[in-house]
Amino acid sequence: MRVYLTGGTGQIGSQLARALVERGDEVTALVRDKQRLKVLDPDGLKLVEGDVTDPGSLRLAGHDAVIHCAGVVSYSSSKRAWQEAVNVGGTRAVLDAAALAGCERLVLTSSLAALGWVPEGEVGDENTAFNWQGLGLGYQETKKAAEDAALSEKRLDCIAVNPGIVMGSHDLNDNGGRVLKLLAAGGPPGVPCGHTTAVNLSDVIQGHLLALDKGVPGERYVLASWHGSFVELFALVASILEVPAPARVLSERALRFTGMLQVLGSKLSGSEPKLTPALATVSSRNRRFSSAKAEKELGFEPTELAEGIAECKAWYEAHGGL
């Protein structure tokens, strides 16, 4: 299969490119930042320069399918315009280019952010309605808009995959690895009161390939290796790092106050805050999700989350990240 891949220098995209080449696909990877090419193995890959926000740079002729991984992950309000441009505008540009080129299929790397939160004690799935409106959550809103655009597409078959927090190697932006870094640095003063879903990078790659080969057009598939409370997640990571686990649980009010302080501090330092009031709200909700649909319909087989955490730890240690 001839596959066009966006976001090829990201954590998911770089490893997905490698997996596609290893199974014999012809892969073209769209590259925006040459400085990040170190995460890609160019053997067997065709690299093209471009940007999803520049429709003229998207030349998809001759490809059978597209995997659209490019996106901006941030809970900072200062990134909202960029998220609109990349997550929403970029997705629409890729859809247009794919349709124009006659591509038959597209897999969108969506997120659990495109789904809502569920009441305490419940576990969500692909039918969980989006309920983050009015909270100023740019990431949630732009990922939902991107997914809506893809799943309503009529010119080619589109499928979305919705991973949880990704744990694994090549975490250049400290996504799931942020938890490891917090604990390695002595631990946070407390952990969020909410619940979440996490997934191994290897399982995310597996899920993308299965969606590409077997996914039903117009459908979304949650990719999860584990779900539980943040207390349980931090305890699991702490056990693998062999450091003490934080026991204090922070309320949403305390988290939002901390987020406000970090936002103020970031304005003075010019850096992006690790916690914002928006992220505090998200971290206080129940976002436990099941991958039962992907397991039943695609043959998705999640692995133990400890494997991804250990892989992330080893990669950080090899690259000076811890």
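Scroll up to find the structure.
It should be emphasised that the depicted structure is a prediction, and the values quoted were computed from it without experimental measurement. (Residues numbered from 1 in each chain as written. Predicted model: local features only at pLDDT ≥ 70, side-chain atom pairs only at ≥ 80, totals over all residues. Heavy atoms only, no water.)

S.K.: Any chance you could explain the layout of surface pockets here in plain terms?
M.R.: Remark: the empty space left among the atoms is shown by a probe the size of a water molecule rolled over them. Each pocket or cavity is described by its volume, and for the second largest pocket that value is around 280 Å³. As for the second largest pocket, its lining consists of 21 residues, of which Tyr75, Ser76, Ser77, Ser78 and Thr276 are closest to the centre. Those elements that provide at least two residues to the lining of the second largest pocket are α2 (80-101), α3 (138-151), α7 (252-269) and α8 (277-283). Per-element accounting of the lining of the second largest pocket gives the leading share, three residues, to α7. When grouped by side-chain class, the residues that make up the lining of the second largest pocket number seven nonpolar, ten polar and four charged. (1 Å grid on protein atoms, 1.4 Å probe; cavity = no way out; pocket = protein on both sides within 12 Å on 5 of 7 lines; lining within 4 Å. Points joined across faces, edges and corners; volume = space filled by probe spheres on them. Helix = DSSP H or I, 4+ residues; strand = E, 2+ residues; numbered from the N terminus. Nonpolar A, V, L, I, M, F, W, Y, C, P; charged D, E, K, R; others polar.)

S.K.: Explain helix α5 (residues 201-214) to me, please; I cannot follow it from the model alone.
M.R.: Because the α-helix completes a turn every 3.6 residues, residues three or four places apart line up on one side. The end-to-end C-alpha distance of α5 is 20 Å, a good match for the 20 Å that 14 residues give at a rise of 1.5 Å each. The buried count for α5 comes to ten of 14 residues, which makes it a mostly enclosed element. All of the buried residues in α5 are Leu201, Asp203, Val204, Ile205, Gly207, His208, Leu209, Leu210, Ala211 and Leu212. (Expected span 1.5 Å × (residues − 1). Buried < 20%, exposed > 50% of the residue type's maximum accessible area, 1.4 Å probe, protein only.)

S.K.: Explain the pattern of salt bridges here, please?
M.R.: Two side chains bearing opposite charge may form a pair once their charged atoms approach each other closely. A full pass over the atoms with the stated rule returns 14 salt bridges. Between Glu219 and Lys293 there is a salt bridge; the shortest N-O distance is 2.5 Å. Of this pair, Glu219 sits in the loop between α5 and β10 (220-223) while Lys293 sits in helix α9 (residues 292-298), and the two are 74 residues apart along the sequence. For Glu219, a relative accessible area of 30% gives the class partly exposed. Salt-bridge contacts for Glu317 lead to Lys313; the nearest nitrogen and oxygen are separated by 3.0 Å. Here Lys313 and Glu317 lie together in helix α10 (residues 305-318), a separation of four residues that amounts to about one turn. On the accessibility criterion, Glu317 (47% relative accessible area) is partly exposed. (Salt bridge = Lys/Arg side-chain N within 4 Å of Asp/Glu carboxyl O.)

S.K.: Please clarify how the state of the cysteines should be interpreted in this entry.
M.R.: Among covalent bonds in proteins, the disulfide is the one between the sulfur atoms of two cysteines. Counted according to the given criterion, the structure contains zero disulfides. Of the cysteine sulfurs around Cys69, a residue in no disulfide, the closest is that of Cys158, at 14 Å. For Cys69, a relative accessible area of 13% puts it in the buried group. Of all cysteine sulfurs, the one in Cys69 lies closest to Cys312, which takes part in no disulfide; the gap is 18 Å. (Disulfide = S-S within 2.5 Å.)

Geometric descriptors of this kind do not, in isolation, establish any biological role.
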